[in-house]
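# An overview of the molecular structure
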Amino acid sequence: MEQNILSNYSEVFRQQKLEGHISPGPVITISRECGCSAKRIATKLSKILTGYSYLSETKTDVEWRWISKEILEEASHELEMDPNHVKNVFLSEKKVPLEEVTSAFSTEKVYDADDQKVIETVGTVIRSFAVAGHHIIVGRGGEILSHGITDRLAIRLEAPLDWRVNRIMQISSLSHSDARDYVIEIDRQRDLFVEHIAGRKVNNSDFDLIFNYSTMLDDHIVDAIVSVLKNRHII
């Protein structure tokens, strides 16, 4: 089933190119381990890239937007479904109590028919944002769903487990043991969802840049990303 999901997105993408004669992208995707702040990177990056668009030779006043929750909102609109149901399919993305997280997860995530419809719609929405261009897509398998777009940069934020556990403890009231369990469960659930989309385990070759979030400042990561975008003529 997973292979068919991804091939369906690829076919939609191919038809969009043939029918619209478009040059898809540019798009940036950011995948992250729990405890790494992709939203802070995406926010800074969107402001800088919007400035580059205006100052480019073409003087295109194009706004770069970073998107995350908008994906689920658009999917719920397409499905004419309660947004809460769509969000529940992505339970790991919500700030829920630890006991709710651990009780909801098993060694394998089982999706029912409604869940499958949500996932396929979310995938189509992500693909549409990627093809439209000038979007920074945070999470939800964006690196897989934007595969094949030439003007794309796929980024991964990682950090040692202990560092991420300590960070979660700093921003929550969880004990070390609970924070560790939380981080591991969130990572596992995210990985299972992306594997469901891709039909395989995601590996380092799916990303263009991988950063150790524990050793780099946000500004340094953003500067490195912008430099690569310029050198690859994406901006």
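Predicted, not measured: the structure shown is a model, and the values here were computed from it. (Residues numbered from 1 in each chain as written. Predicted model: local features only at pLDDT ≥ 70, side-chain atom pairs only at ≥ 80, totals over all residues. Heavy atoms only, no water.)

### Considerations on the side chain of glutamate 33
Put simply, the rule is: Under the DSSP-based scheme used, a helix requires at least four consecutive residues in state H or I and a strand at least two consecutive residues in state E, with every element numbered from the N terminus. Contact definition: two residues touch when any of their heavy atoms are within 4.5 Å.
Along the chain, the position of glutamate 33 falls in the loop between strand E1 (27-32) and helix H2 (38-55). Those residues in contact with glutamate 33, other than ones at most four positions away along the chain, are Arg156, Leu157, Glu158, Ala159, Arg164, Asp187 and Arg190.

### Overview of the side chain of arginine 152
The criterion, for reference: When a residue's accessible area, from a 1.4 Å probe over protein chains only, is under 20% of the maximum for its type it is buried; when over 50% it is exposed; and in between it is partly exposed. When charges are counted, neither His nor the chain ends are considered; positive counts come from Lys and Arg and negative counts from Asp and Glu. By convention in these notes, a salt bridge is any Lys or Arg side-chain nitrogen within 4 Å of a carboxyl oxygen on Asp or Glu. N or O atoms within 3.5 Å of each other form a polar contact, as long as, within protein, one can give a hydrogen and the other can take it, and as long as residues adjacent in sequence are counted only when both atoms are side-chain atoms.
Tracing the backbone shows arginine 152 in strand E4 (residues 152-158). Buried within the structure, arginine 152 lacks any salt-bridge partner; its nearest side chain of opposite charge belongs to aspartate 208, at an N-O separation of 4.1 Å. Only 2.5 Å separates the side chain of arginine 152 from the backbone oxygen of glutamate 143, close enough to count as a polar contact. Engagement of the side chain of arginine 152 in a polar contact is seen with the side chain of serine 146, the distance being 3.5 Å. Once residues lying within four places of it in the same chain are set aside, the contact partners of arginine 152 are Val27, Glu143, Ser146, His147, Asp206, Asp208, Arg232 and Ile234.

### A short note on helix H9 (residues 176-198)
Our working definition: One less than the number of residues in a helix, times 1.5 Å, gives the span that helix is expected to have.
Between the first and last C-alpha of H9 there are 33 Å, a value that for 23 residues agrees with the 33 Å anticipated at 1.5 Å per step. Downstream of H9 by a residue or two, glycine 199 has a phi angle that is positive, lying close to 80°.

### Structural notes on the sheet that holds E4
Spelled out, the test is: A pair of strands is labelled paired if DSSP reports no fewer than 2 bridges between them. Fitted lines through C-alpha atoms serve as axes, helices being fitted only where they are in contact, and the angles separating the N-to-C directions of these axes extend from 0 to 180 degrees.
What the 5 strands build is an open sheet, ordered E2-E3-E1-E4-E5; its pairing is parallel. Where the open sheet ends on each side, the last strands, each with one partner, are strand E2 (65-67) and strand E5 (209-212). For this sheet the average axis-to-axis angle between neighbouring strands, irrespective of direction, equals 20°. Taken together, the 4 bridges between E1 and strand E3 (residues 135-138) define a ladder with parallel strand orientation. In the sheet register, valine 27 faces E3, and the bridge partner there is histidine 135.

### What to know about the pattern of salt bridges
In the structure shown here, the tally under the stated rule is 9 salt bridges. With its nearest N and O atoms 2.7 Å apart, the salt bridge here joins arginine 164 to aspartate 187. Highlighted residues: arginine 164 in helix H8 (residues 161-171) and aspartate 187 in helix H9, separated in sequence by 23 residues. Aspartate 187 shares its class with arginine 164; the two are buried. Salt-bridge contacts for arginine 188 lead to glutamate 185; the nearest nitrogen and oxygen are separated by 2.4 Å. With a gap of 3 residues between them, arginine 188 and glutamate 185 both fall in helix H9, about one helical turn apart. Look at arginine 188 and you get partly exposed, because its relative accessible area is 27%. Given a relative accessible area of 17%, glutamate 185 falls into the buried group. What emerges from the salt-bridge pattern is a single network uniting Glu33, Arg164 and Asp187.

Limitation: the analysis is restricted to geometry and does not speak to function.
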